[in-house]
Amino acid sequence: MDVIFLGPPGAGKGTQAQILEKIHGLHQLSTGDMLRKNRMEGTELGKLAQSYMDRGDLVPDDIIIAVVEKELERLPGALFDGFPRTVPQAEALDKLLHRKNRPYTVILFDVGEHLIRERLIGRWVNPKTGRVFHERFSPPPDGKIDTDGTPLIQREDDKPEAVRHRLDVYRKQTEPLIAYYGDARRGRLVKVDATESVENVSKVIAHALGFQDVAATQ
Ligand code: AP5
Ligand code: MG
């Protein structure tokens, strides 16, 4: 099964991807997490991506498309989290999936900017695994150390200035994908109210993908 998560920064894509992976075995393919891992490991890709990411700009299409293409070779299905983010990326993914005869569903996370800021400013992440917490909505463990012993961090691009810029970038470069996927000849597009609690959003997504209630089985 191939699923694309589309929505602004802080909409809850990573949170829901991790739940679907854990409960239903979908494979989360988060380009943001992949880039952050490369940065931690000091690879060429990580060095290249660093300045774009800290400013809240997108990493160039050709680099991201090559990374995803390589990953897809070994995956029979994926939950795309944070990819595609531009029309050229979407066209490239269509080509790759079409060649493999793989239809997909797009889940659009619908949430306003006020809530996004609140979610991003209170977010804590495990830099090794990408696991996400929130000071109020999904509190991290005491001492902000994850169960695997990794100290949680706040992302550089969750600072107010970078958040503002990421929202601008989303409006200009990623929002056009809503119309792109709205074309019925492409994948099925399902809009989800992402202002609801994590559990309620999970239920709606699970239902849209034809799974049993995700939250109830946790
Ligand atoms: P990426 O890591 O993809 O960031 P993003 O799209 O900006 O999304 P976020 O991870 O910030 O938000 P999310 O929707 O995953 O929300 P989360 O679940 O964490 O990309 C980072 C950078 O990498 C980009 O800026 C770019 O530079 C580069 N990049 C990546 N992909 C690229 C691409 N394809 N092309 C080019 N460049 C690329 O939730 C947020 C917070 O809210 C958490 O604290 C969570 O606990 C909380 N929360 C979640 N859901 C709920 C809920 N329902 N109720 C209450 N709180 C909630
Ligand atoms: Mg994320």
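Residues numbered from 1 in each chain as written. Chains lettered and ligands numbered in written order. Predicted model: local features only at pLDDT ≥ 70, side-chain atom pairs only at ≥ 80, totals over all residues. Heavy atoms only, no water.

Asks: Tell me what's going on with the pattern of salt bridges, and back it up with residues and numbers.
Replies: Following the criterion strictly, the structure yields 23 salt bridges and no others. Between E41 and K37 there is a salt bridge whose closest N-O contact spans 3.2 Å. Of this pair, E41 and K37 both sit in helix α2 (residues 31-41), four residues apart, which is roughly one turn of the helix. On the accessibility criterion, E41 (51% relative accessible area) is exposed. The residue E118 makes a salt bridge to R136 at a minimum N-O spacing of 2.6 Å. Here the residue E118 occupies a position in helix α6 (residues 113-121), and R136 occupies one in the loop between β6 (132-134) and α7 (160-174), the gap between them amounting to 18 residues. (Salt bridge = Lys/Arg side-chain N within 4 Å of Asp/Glu carboxyl O. Helix = DSSP H or I, 4+ residues; strand = E, 2+ residues; numbered from the N terminus. Buried < 20%, exposed > 50% of the residue type's maximum accessible area, 1.4 Å probe, protein only.)

Asks: Explain the site of ligand 1 to me, and be specific about the residues and the numbers.
Replies: In the vicinity of ligand 1, 35 residues are found, and the nearest of them are T15, D57, R85, R123 and R166. Contacts to ligand 1 include R166, whose side-chain N or O atom sits 2.6 Å from an oxygen atom. Between a nitrogen atom of ligand 1 and a main-chain N or O atom of V198, the distance comes to 3.3 Å. Broken down by secondary-structure element, the contributors of at least two residues to the shell around ligand 1 are α1 (13-24), α2, α6 and β6. For the shell around ligand 1, the element with the most residues is α2, which contributes four residues. Of the residues contributing to the shell around ligand 1, the split by class is 14 nonpolar, 11 polar and 10 charged. (Near = heavy atom within 4 Å. Polar contact = N/O pair within 3.5 Å; in protein donor to acceptor, adjacent residues only side chain to side chain. Nonpolar A, V, L, I, M, F, W, Y, C, P; charged D, E, K, R; others polar.)

Asks: Lay out α7 with the relevant residues and their values.
Replies: Helix length check: α7 (15 residues) gives 20 Å between terminal C-alpha atoms against 21 Å at 1.5 Å per residue, within 8%. Among the residues of α7, A162, V163, R166, L167, V169, Y170 and T174 are the ones counted as buried. Buried residues of α7 fall within an arc of 165° about the axis and therefore sit on the same side. Exposed residues lying more than 90 degrees from the buried face of α7 are E161 and K172. The inward-facing, buried residues of α7 contact β1 (2-6), α3 (44-55), α6, β5 (123-125) and α8 (176-182). (Expected span 1.5 Å × (residues − 1). Arc of directions from axis to C-beta. Contact = heavy atoms within 4.5 Å.)

Asks: Can you tell me about the packing of helix α4 (residues 61-73) against helix α5 (residues 87-99), naming the residues and giving the values?
Replies: For any two helices packed against each other, one specifies the inter-axial angle together with the distance between the axes. Contact geometry of α4 with α5 gives a least axis separation of 10 Å together with a crossing angle of 20°. With respect to α5, the axis of α4 lies roughly parallel. Crossing hand, α4 versus α5: right-handed. Across the interface between the two elements, D61, I64, I65, E69 and L72 from α4 touch P88, Q89, A92, L93, L96, L97 and R99 from α5. (Axes fitted to C-alpha atoms, helices over the stretch in contact; angles between N-to-C directions. Parallel < 35°, antiparallel > 145°, perpendicular 65-115°, else oblique. Left-handed = near helix turned anticlockwise from the far one by under 90°.)

Asks: I'd love a proper account of the sheet that holds strand β4 (residues 104-110), names of residues and values included.
Replies: With parallel pairing, the five strands of this open sheet are ordered in space as β2-β3-β1-β4-β7. Here the strands that pair on one side only, and so sit at the sheet edges, are β2 (28-30) and β7 (188-193). With direction set aside, neighbouring strand axes in the sheet form an average angle of 25°. Two strands pair when backbone bridges link them, and β1 and strand β3 (residues 79-81) are joined in this way by three bridges, in the parallel orientation. Across the sheet, residue I4 finds its bridge partner in β3, namely F80. (Pairing = 2+ DSSP bridges.)

The quantities given are spatial measurements derived from coordinates; they are silent on function.
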